[in-house]
Amino acid sequence: MSTAPPGEPGPADPDPVLAAEQRHLDAARAELARMRAHVESLVPDGGDAVADAQLAWTLHRRALSLADDPATTLFFGRTDHDGGERFYIGRRHVTDAAGDPVVVDWRADVSRAFYRASRTEPHGVRLRRRFGVERGRLSAYEDEHLVAAPEEDADAPSRILAAEIERPRSGPMRDIVATIQPEQDALVRADLATSVCVQGAPGTGKTAVGLHRAAWLLYAHRERLTRQGVLVVGPNRAFLSHIGAVLPALGEVEVGHTTVAGLVPPGTRVRGADDVAVAVLKGEARTAQVLRAAVWSAVRDPAEVLDGGALVVTRGSRRWRVPGYELRDLLDELRGRGVRYEAARALLPHRLAHAVLQQMEAAGDSPDDRVADAVARSAEVRRAAKALWPPLDPARVLHRLLSEPEFLRGCADGVLDADEQELLRWHRPSRTPGAARWSAADAVLLDELADLLERTPSVAHVVLDEAQDLSAMQLRAVARRCSTGSVTVLGDIAQGTTPWSAREWPEVLAHLGKPDGRLEVLDRGFRVPSAVLDYATRLLPHIAAGLSRPRSVREDPGSLEVLAAGALWPAVAAAVERAAAVEGSVGVVVADADVPAAARALGAVPHAILGEDSAPARVQVVPASLAKGLEFDRVVVAEPAAIVAAEPDERTGLRRLYVVLTRAVSGLVVVHARPLPPALAGGDG
Ligand SMILES: Nc1ncnc2c1ncn2[C@@H]1O[C@H](COP(=O)(O)OP(=O)(O)OP(=O)(O)O)[C@@H](O)[C@H]1O
């Protein structure tokens, strides 16, 4: 591996290789400016005003996509191939005036070798060069000779990778295009039809992989995915704002981001809360059967709702009568079609009219389409259709289920036992559905009901992060959004902290409607340095015994301090001051109830409270329940015992602690005044 020292090439740093590469970069920048100028010079001429406006918009977007960001470079790597070809790999294609590539998009097929080539499988690559970047200029390079120079250590960790990971964080998560690792690249480029489920320890790059996969899919299947959409689903808003800049930085601005709680029918307001046992039951897949029964029980028997149990239509002086048994067959046929309740309801008047027309024909008439239409729209048919197949509304159905024990019993028969039904029942129901205080679990049920009535539109691909925390019913809500597409599922069983968190991935995939999804494990940790990871994984046998320990790829072991303090908050404040004296972000993670105490203790140290303050700050006080998925250069954890005790049971508490302890990129300080949880104290407790 040859590297040049960081610094700008120039008279003071005349490294000839770097200087030549910088010239290629300057030339690429000039070509990009030319491409942009060309797009800006085009006059939209689509033939009419609408087409002109569309074309102008397309050109405007194209010009924006060709903007040059002076803070970064147009390429971060290069491959030299056996046949003499050379490719520079960057965030987007740049071509010269003749159309030849100057920089190749990282997502193009020829770029694959940059990420995958190794000594054992060189993919036709002789040399791979990675570039270090500082303020938009090339500052270093690192060569790997894949077919020669056996004396070099092919497995030596990349210093550029290490520098990239350790570069201080000042804002939200960054992209990793320059340093995607082979095992990550295999997931990023899995084909669109494949649903992938990634089990990965903290910091193995699951989130990064999911986001880069979305960007790759958009590149490889631009037309379909732009038309049908891609959706990223994350656990909460803090997480979404942490990851929200990655796809735009990769040029993809049209990907929807939402929380799981956001997957509810529009207008649903959550104002109530459930006891844990109730929420767990509402989250079980069995509940879906109860809801289905509730919806379809609305279809009535002709004998109950029609005079004489039959449909009678008068036209002129003639009366036509469709008897009950024929109506029943017709309803059965509609129910058996497998369409949604509302779609079948829309068909019913036509089916009823058809039955009437058959009688007319049998009597020797020859009714045409106009007659068929008139019968379908007649008051008698509309009234009968409404009585047999009444319009439904999700809120009404759920309100009735939770407030009428008889109705619940009828729908839950054989699915929920009497105690479970009692658990679900509202003891003080609101008078109307509009006044109901829906809980978060109810909102998911409303979404399920909405889908039983009308099919939820599906996007082409969903990226689901922190999937281990979702209930079966929440997973079904995600499944609806990718019913005709595929999904990338990301998570870690050991980080499951909800009462309904997943025990195993095949079950999750089944609820997502993708039982054949490919299960992959990532076990090389990029975020957490080894000293910190080794400390945190002491908890693993207690929280997810079946999972193997991840290894940190970081050469720098990072710093770990465990401080026993007489008085907690002064010691925390001192640790935060020390951490903040160095460049980079600082997370002060405390039990949720301790947030005010932590904020008071920090006093004059400028800080923000995650989830409360909108403006991000370099020092953030983080309630333990919001730490998942986030990362900071330095983390100060206050009182592990309090973080564990805040959860309903010990295993969940230790899992929360595991999440909290694995947020640090460079240094972790654990401050405790109470004894450490024994599982963590290990040998030195
Ligand atoms: N190939 C890579 N090159 C550079 N940085 C990387 C790479 N892979 C991961 N990282 C960095 O490691 C950190 C952790 O990545 P990420 O958040 O995707 O991990 P995760 O598995 O989702 O973690 P968690 O389970 O804790 O949420 C991020 O800062 C990410 O940018």
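Rules used throughout
- Residues numbered from 1 in each chain as written.
- Predicted model: local features only at pLDDT ≥ 70, side-chain atom pairs only at ≥ 80, totals over all residues.
- Heavy atoms only, no water.
- Helix = DSSP H or I, 4+ residues; strand = E, 2+ residues; numbered from the N terminus.
- Buried < 20%, exposed > 50% of the residue type's maximum accessible area, 1.4 Å probe, protein only.
- Contact = heavy atoms within 4.5 Å.
- Areas by Shrake-Rupley, 256 points an atom, 1.4 Å probe, with all protein chains shown as cover.
- Pairing = 2+ DSSP bridges.
- UniProt positions renumbered as here; feature names shortened; annotations may be inferred.
- Domains from an automatic or database assignment.
- Near = heavy atom within 4 Å.
- Polar contact = N/O pair within 3.5 Å; in protein donor to acceptor, adjacent residues only side chain to side chain.
- Nonpolar A, V, L, I, M, F, W, Y, C, P; charged D, E, K, R; others polar.
- Axes fitted to C-alpha atoms, helices over the stretch in contact; angles between N-to-C directions.

### Some words on the overall build of the protein
So, step 1. When helices and strands are tallied, the protein shows 29 helices and 22 strands.
So, step 2. Looking at the protein as a whole, 52% of its 685 residues are labelled buried.
So, step 3. If you take every contact in the protein between residues at least 6 apart in sequence, the share linking residues at least 24 apart comes to 73%.
So, step 4. For the protein, the computed accessible surface area is about 30800 Å², with 52% contributed by carbon and sulfur atoms.

### Observations concerning the environment of Pro-623
So, step 1. Relative to the helices and strands, Pro-623 is located in strand 20 (residues 619-623).
So, step 2. Spatially, the C-alpha atoms of Pro-623 and Arg-428 are 33 Å apart, while their sequence positions differ by 195 residues.
So, step 3. Sequence-distant contacts of Pro-623, defined by excluding residues within four places in its chain, comprise Val-590, Asp-592, Val-595 and Leu-610.

### So, the pairing of strand 5 (residues 125-134)
Strand residues, when the strand is regular, have side chains that alternate between the two faces of the sheet.
So, step 1. The element strand 5 is extensively covered by neighbouring structure, given that seven of its 10 residues are classed as buried.
So, step 2. As paired strands, strand 1 (residues 75-81) and strand 5 are joined by five bridges and run antiparallel to one another. The residue bridging Asp-80 from the neighbouring strand is Leu-127, located in strand 5.
So, step 3. With antiparallel pairing between neighbouring strands as the criterion, strand 5 and strand 6 (residues 137-145) make up a hairpin whose turn holds two residues, including Arg-135 at a positive phi of roughly 45°.

### What to know about the UniProt feature "domain: UvrD-like helicase ATP-binding" (unreviewed entry) in the protein
So, step 1. Using the residue numbers shown here, the UniProt feature "domain: UvrD-like helicase ATP-binding" (unreviewed entry) corresponds to residues 179-529.
So, step 2. Helix makes up 49% of residues 179-529 and strand 12%, whereas the separation of the span's terminal C-alpha atoms amounts to 17 Å.

### Examining the domain arrangement of the protein
So, step 1. Looking at the assigned domains, one finds that the protein contains domain 1 (16-156), domain 2 (184-259 + 457-525), domain 3 (302-388) and domain 4 (530-684).
So, step 2. When each unit is reduced to the centre of its C-alpha atoms, the spacing between domain 1 and domain 3 is 65 Å.

### What to know about the site of the ligand
So, step 1. With respect to spatial proximity, 24 residues lie near the ligand, and among them Thr-179, Lys-206, Thr-207, Glu-631 and Arg-663 are the closest.
So, step 2. Contacts to the ligand include Gly-205, whose backbone N or O atom sits 3.1 Å from an oxygen atom.
So, step 3. A distance of 2.7 Å separates an oxygen atom of the ligand from a polar side-chain atom of Arg-663.
So, step 4. When contributions to the shell around the ligand are tallied by element, the ones reaching two or more residues are helix 4 (159-166) and helix 6 (206-220).
So, step 5. With three residues, helix 6 is the single largest residue contributor to the shell around the ligand.
So, step 6. Of the residues belonging to the shell around the ligand, the class tally is nine nonpolar, nine polar and six charged.
So, step 7. Looking at the shell around the ligand, you find at least three residues from each of domain 2 (184-259 + 457-525) and domain 4 (530-684).

### Some thoughts on the sheet that holds strand 8 (residues 230-234)
So, step 1. Pairing is parallel in the open sheet, where six strands are placed in the order 9-8-12-13-7-14. Each having just a single partner strand, strand 9 (256-259) and strand 14 (518-522) make up the two edges of the open sheet. On average, adjacent strands in this sheet sit at an angle of 15° to one another, irrespective of strand direction.
So, step 2. Pairing of strand 7 (residues 196-200) with strand 14, which is carried by five bridges, proceeds in the parallel orientation. Residue pairing for strand 14: Val-196 is matched across the bridge by Arg-518.
So, step 3. With respect to the sheet, helix 6 is in contact with strand 7, strand 8, strand 12 (461-464), strand 13 (486-491) and strand 14, its orientation differing from that of strand 13 by roughly 165°.

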